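Given next are the chains, with one letter for each unit.
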Amino acid sequence: MLPAEIIRAKREGAELTERQIFDFISGIQTGQVDDCQVAAFAMVVCCRSMNANETGLLTEAMAHSGLVTHWDEQDLGGPILDKHSSGGVGDKVSIALMPILVACGAFVPMVSGRGLGHSGGTLDKLDAIPGYNTEPSTKFFVNTVKQVGGAIVSASADIAPADKKLYSIRDTIAAVDSVPLITASILSKKIAAGISRLVMDVKVGSGAFMPDISAAEKLVESLLAVAEKTDVHLKVLLTDMNQVLGTTVGNAIETLEAVMLLTDHKQADRRLLEVTVELAAELLVMGKLASDLQVGRNQIHEALSSGKAAEALGKIVAVLGGPNDFVDKPRQHLKIAPVKLAVHPHSAGKVAAIDVRTVGIAMVEMKGGRRTKNDKIDLQVGLDHVAGIGSEVGPGRDDRPLAMVYVHDDKLANAVAEDIRAAYTLNTHTPDYTQVVLERRE
C-alpha cells in the first residue's frame, strides 16, 4: 500500500486499518517510507488524531518493529518495574528514582528519551556523565540489569526502531503534543523493553506538553485504554508543572541535583522529593515489594538514609562506563559552564506565577536543548537556584535571585536573564502551597 494513500486517508478523517498502520510502520523500517512521509504522517495524526483502536494498533506495530525483550526468561528474582514521564522543565526524577527502586529489590530496565521541545530529556542529562554509555547493545543492557539491578538507556537500534524515527521527527515539526503519538511512543518502547508494570507521570501546567487538566486527562485516558489492550499494568499520577521541578534546569546541573537527592535527601527540594517518593512507592506496591503506599514510602526513606540508593546509582554508572567515584565526587565529573550571572527582578516581591514554558525555551536558546533533531546541545549550560512559587525575591542580593544562569559568555547570560525575568509574575502575597501530586488514576 502506498504511504501517500495512507497519509491521505487519515488526512480525510478515515479510521486507519490494521493493515494500513502495520504497512506504514513496516515501510519506515524498509526505507519505503521516507522522512518527508514520516513527517506528514505525524502532522496529519496530530491534526486529525486517532481513536483508541488505531492508537493501540500503532503502539503494537512500533513495539514489534524490532526486538521484544522477555525478562521472564532471565530469572532475575525480583519484579520488573518502570516509570515514564510525559516531560517537564527540570524533571530529573528518573535519575533518582531508578536506583531507589533497585535498592528496594526491584529490577529497572528503563528505556528513556532525549529532549523534546522545551522539555529536557533524561538521556541528555546522563550524557553529562563522562563515559556513561546511553546507547549500549541490547545484550549489554540486559546483562547490566541482571548484574546491578537497573539501567537508563536509549532504545537501541533494535528496540522499537520505528518509534525512534518518528520520535526524532516529531520534535522538529511541532507534533510533540499529539496524544496518540505520545501514547504510542511511550508504550511501544515499554512493551519492546519487556515492561508489564509501569507508573506514568503526566505533567500538567505551563511547563508541560499538557498545559491544562482537560488536555492531561485525554492523555491519561488514552494511556490507560491502550495499556489495557496491550496487557501493561499501568498507574498514572498527574503532577503539577506550573513551576520548575527542583531548583535546576539543564543537563549536567540537573544530574547533579538528582545525585544530591540520593546522597542528602533531607536537603532536597520538597516537590522533587515528593514526586520521586510517590512514584516509587506506587511501583513498590505494584511489584509486591510493599503492602501499601506508606510501607513503600518508609522503604524508600530507608534506602535513602542508609545510602543504599546512592550506592546503587554508583554501581550502575560504573558498569555503563562512567567514573567509579561518580556518586562520591559528582561535582568533579559534572562540568558546569563558567560564566555565572544572578538574575534578579527589577523590584522585590513574592513569586505568584511562572511561565515555565518560557524557562524551558530559554534553555533551548542557551543551546541546552534542541531546535532540530541533529542539534548538538551544550551539556554544561543551565540554571540553578530557580525560584519557585511563593519564594521571596529581590534585586541586588545573590540569596534572592529568580535564578542563577551558567553559560559561556556574558552576552548570552544577559539575554537569558531577560527571558527569565519575563517568565515571572510577582506580588506581595504568598500563594498557597500547590500540591505536586494532583490525581492518581488506574
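This text follows the structure it describes.
Residues numbered from 1 in each chain as written. Predicted model: local features only at pLDDT ≥ 70, side-chain atom pairs only at ≥ 80, totals over all residues. Heavy atoms only, no water.

Draft legend 1. Structural view of the sheet that holds strand β10 (residues 392-393). Sheet architecture is open: three strands sit in the order β10-β8-β12, paired in antiparallel fashion. Strands with a single pairing partner mark the edges of an open sheet, and in this sheet they are β10 and β12 (424-427). Sheet topology note: the strand β8 (residues 349-354)/β12 ladder contains four bridges and is antiparallel. Note that in β12 the partner of V351 across the bridge is L426. (Pairing = 2+ DSSP bridges. Helix = DSSP H or I, 4+ residues; strand = E, 2+ residues; numbered from the N terminus.)

Draft legend 2. Geometry of the nonpolar core. V202, L262, V359, L383, I420 and Y424 are the most contacted members of the largest nonpolar core, which has 128 residues in total. Beyond its immediate chain neighbours, meaning those up to four positions away, V359 contacts V89, V244, V249, I354, L383, I420 and A423. Counting residues in hydrophobic clusters, the runner-up holds 26 residues, among them L16, F41, L57 and A175. (Core = buried A, V, L, I, M, F, W, Y, C linked by side-chain atoms within 4.5 Å. Buried < 20%, exposed > 50% of the residue type's maximum accessible area, 1.4 Å probe, protein only. Contact = heavy atoms within 4.5 Å.)

Draft legend 3. Region of interest: the pattern of salt bridges. Going through the model one piece at a time under the given rule, you end up with 22 salt bridges. One salt bridge in this structure joins E257 and K92, with 2.9 Å as the shortest N-O distance. With E257 in helix α11 (residues 252-263) and K92 in the loop between β1 (82-85) and α5 (93-103), the pair connects residues that are 165 residues apart, well separated along the chain. Considered together, E257 and K92 belong to a single accessibility category, that of buried residues. With a closest N to O distance of 2.7 Å, E278 and R297 form a salt bridge. Placement of E278 in helix α12 (residues 270-286) and of R297 in helix α13 (residues 293-305) is noted, with a sequence separation of 19 residues between them. Among the ionic contacts, a cluster of salt bridges with common partners joins K235, E278, E282, R297 and R440. (Salt bridge = Lys/Arg side-chain N within 4 Å of Asp/Glu carboxyl O.)

Draft legend 4. Up close: the packing of aromatic side chains. Counted according to the given criterion, the structure contains two aromatic pairs. Ring geometry for F24 versus F41: centroids 4.4 Å apart, planes at 25°, classification stacked. Placement of F24 in helix α2 (residues 18-30) and of F41 in helix α3 (residues 35-48) is noted, with a sequence separation of 17 residues between them. A relative accessible area of 2% means that F24 is categorised as buried. Owing to a relative accessible area of 1%, F41 belongs among the buried residues under this scheme. With a centroid separation of 6.3 Å and 85° between ring planes, the pair formed by W71 and F141 is classed as edge-to-face. Of the two residues, W71 is situated in the loop between α4 (52-63) and β1 and F141 in helix α7 (residues 138-148); the sequence distance between them amounts to 70 residues. Taking the relative accessible area as the measure of exposure, W71 reaches 5% and is therefore buried. Overall, the relative accessible area of 3% leaves F141 in the buried class. (Phe/Tyr/Trp six-rings, centres within 6.5 Å; stacked < 30°, edge-to-face > 60°.)

Draft legend 5. Just the sheet that holds strand β11 (residues 403-407), in detail. If you trace the four strands from one edge of the open sheet to the other, you get β6-β9-β11-β7, paired in antiparallel fashion. In the strand order of this sheet, the two ends are held by β6 (249-250) and β7 (339-343), each with one partner.

Draft legend 6. Structural context of the pairing of strand β3 (residues 150-154). By the criterion of burial, β3 is predominantly enclosed, with five of the five residues buried. Burial along β3 is two-sided: G150, I152 and S154 and A151 and V153, pointing in opposite directions, are all buried. Sheet topology note: the strand β2 (residues 108-112)/β3 ladder contains five bridges and is parallel. Directly across from M110, in β3, lies its bridge partner I152.

Draft legend 7. Looking closely at the packing of α7 against helix α14 (residues 308-319). With their axes 10 Å apart at the nearest point, α7 and α14 run at an angle of 150° to one another. Relative to α14, α7 is oriented roughly antiparallel. As for how α7 packs across α14, the hand of that crossing is right-handed. Two secondary-structure elements touch here, α7 through F140, T144, Q147 and V148 and α14 through K315, I316 and V319. Along the lines of polarity and charge, the residues of the contact of α7 with α14 split into four nonpolar, two polar and one charged. (Axes fitted to C-alpha atoms, helices over the stretch in contact; angles between N-to-C directions. Parallel < 35°, antiparallel > 145°, perpendicular 65-115°, else oblique. Left-handed = near helix turned anticlockwise from the far one by under 90°. Nonpolar A, V, L, I, M, F, W, Y, C, P; charged D, E, K, R; others polar.)

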